[in-house]
Amino acid sequence: MDTTVANTGTEGKTWGGGNRPMGSSYGKLMMWFFIVSDALTFSGFLAAYGFSRFKFIGEWPIADEVFTHVPFFHGNYPMIYVAFMTFILIMSSVTMVLAVDAGHHMNKAKVTLYMFLTIIGGAIFVGSQAWEWATFIQGDYGAVQTKGGNILQFGEYVTVDGEEKFKRISIDDFAVTEASARTEHERKNGLWFVDEAPLPDYTVSEIYSGLAANSNILVRSQLINEEGEKTVLSREESLKQIKENGKLVVKGANLVVNEYGTSLFADFFFFITGFHGFHVFSGVVINIIIFFNVVLGSYERRGSYEMVEKVGLYWHFVDLVWVFVFTFFYLV
Amino acid sequence: MAHEHKLEIFRGLLKFKSNTQKIWGVLIFLTIVTAIEVVLGIYKPDILMHTWLSPFEGGFFATLGNIILSPFIYMKPLNLIFILLTIVKAYYITWDFMHMRDEKPSLRRAVVWTGVFLICYLIFILLQEGGYVFEVYNTKDALIKRDF
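Residues numbered from 1 in each chain as written. Chains lettered and ligands numbered in written order. Predicted model: local features only at pLDDT ≥ 70, side-chain atom pairs only at ≥ 80, totals over all residues.

1. Comments concerning the overall build of chain A
Helix and strand content of chain A: nine helices and six strands. Computed over the C-alpha atoms, the radius of gyration of chain A is 28 Å, more than 25% above the 20 Å expected from 2.2 N^0.38 for a compact globule of 332 residues. Structurally, chain A occupies a C-alpha span of about 100 × 55 × 35 Å along its principal axes. The proportion of buried residues among the 332 residues of chain A is 36%. Once local pairs closer than 6 in sequence are excluded, the contacts in chain A between residues at least 24 apart make up 69%. (Helix = DSSP H or I, 4+ residues; strand = E, 2+ residues; numbered from the N terminus. Rg over C-alpha atoms; globule rule 2.2 N^0.38 Å. Buried ≥ 20, exposed ≤ 12 C-beta atoms within 10 Å, placed from the backbone. Contact = placed C-beta atoms within 7 Å.)

2. Comments concerning the pairing of strand β2 (residues 151-160) of chain A
All names here are of chain A. As defined by bridge partners, strand β1 (residues 143-146) adjoins β2 across two bridges and the pair is classed as antiparallel. For V144, the partnering residue across the bridge sits in β2 and is L152. In textbook terms, the turn of a hairpin is the stretch between consecutive antiparallel strands, and for β1 and β2 this stretch comprises four residues, one of which, G149, has a positive phi near 85°. Sheet analysis places β2 next to strand β4 (residues 218-224), joined by three bridges and oriented antiparallel. Note that in β4 the partner of G155 across the bridge is L218. Pairing of β2 with strand β3 (residues 163-168) involves six bridges; the strand directions are antiparallel. The partner of G155 across the bridge, within β3, is R168. (Pairing = 2+ DSSP bridges.)

3. Side note on the interface of chain B and chain A
In many analyses, interface size is given as the accessible surface area lost on bringing the parts together. The partner chain A presents 45 residues to the 46 residues of chain B that form the contact. Secondary structure elements with two or more residues in the side of chain B that touches chain A: α1 (19-43), α4 (77-97) and α5 (105-138) of chain B. Considering every element that reaches the side of chain B that touches chain A, the biggest residue donor is α5 of chain B, with 18 residues. In terms of residue class, the side of chain B that touches chain A is built from 25 nonpolar, 15 polar and six charged. (Nonpolar A, V, L, I, M, F, W, Y, C, P; charged D, E, K, R; others polar.)

4. Let's talk about the domain arrangement of chain B
What the domain assignment reports for chain B is domain 1 (1-102) and domain 2 (104-148). On a C-alpha basis, the centroid separation for the pair domain 1 of chain B and domain 2 of chain B is 21 Å. (Domains from an automatic or database assignment.)

5. Thoughts on the nonpolar core
Ranked by size, the top nonpolar core spans 74 residues in total, and within it V82, A99, V111, M115, V308 and V321 of chain A carry the most contacts. Excluding its chain neighbours within four sequence positions, the residues that come into contact with V321 of chain A are F42, H276 and H279 of chain A. (Core = buried A, V, L, I, M, F, W, Y, C linked by C-beta atoms within 7 Å.)

6. Points about the domain arrangement of chain A
Residues and elements named next belong to chain A. The assigned domain composition of chain A is domain 1 (23-140 + 264-331) and domain 2 (143-251). In this structure, domain 1 and domain 2 have C-alpha centres spaced 37 Å apart. Taken together, the contact pairs four residues of domain 1 with five residues of domain 2. A breakdown of the residues in the side of domain 1 that touches domain 2 according to their chemical character gives no nonpolar, two polar and two charged.

Structural data, given as structure tokens:
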């Protein structure tokens, strides 16, 4: 006697089981769920960045003046390096989709090769990101932060090809070293239970003396003028601002100060590119795991390379996010 | 194998012989788009740096016109081009690399419509608020002065 109900009378009907919702396997559908929610997370970050930028629309740093470096080359090359990074990521997306395609044809050798190339591309991207961060943190010209938290930068007018341009000058080039500068407080030379953060290389008064001694140097404020450029102050105004409002000499950027302008810019840069970089890193790790599974023949035995397809979806999503980060941090 | 790919892009204007060829074709297209963005970003042509329309003044219909044409009135053409090209790139990454083109319409709509609707709402509400805070800081009778 049958005690279990083997037949439910729904065989062959739509709700009889065995159907795939939306014609997609469980794993792929779940990956799409994750991608939609992750896309919303990233758009939340980017929209918050837009919020802060609109709030300070009249004084936001100009990306072309911030990201100007290329490894092994000196000079001013805005956009070049980040364009290279974008290309690397798109390229690794291509090798990923080629791996998926080879998987559809059950071609183990080709899947292995393309997965390997994808991992290499991801590693180059993460390395470039690290270099970009290091350059950003190190800074280049230095600036003075005012009591109100604004940034004053330095430069002079030079004529290049008959055109008058404002050329930035590093604080190292004109600051006058004064003997009166105090030494850093350490546990061994003061109160043993108190720490102090490292002192800036210069004091505001050293910068002021340097500025007073060089009549060609002018101060540039954060405010963006009608031509879309930062406002350069007159000589008298420059001296006055540094003397009356200068509070701290900053070089480079971190979560507290930022020599390029509004500190929120650095905060969002670290947070959003960091979160994206973390995605790339975890993508590389997952790719490596899948790569070893491919090499060991797991998917060959399973008869399907769908895992490669699923990790591929994630990898393309990371590329997709970078396209937007690239636009809103470096272009717009 | 039952993996059929639609091999046309640009609404059938360009048809590829195999999936691999399509992938390389899309790569070339994406590279060209990125190159255009980078060149525009470096040279910043003057003509694209100022809005072509200024806000309409007057009653209800002027406001309505400002809202409808807001991308042209309040945004530099250069930025508008960048954003449009970004969406074009996003489309081809999703459709061809993530194989959205080959999925059923139900899956495509569940992913794209949900995402696009929520993201548009989020962007609208946050940018609107950011612009408002800017006004609070920068109008003539603002309580917060330029502090320096």
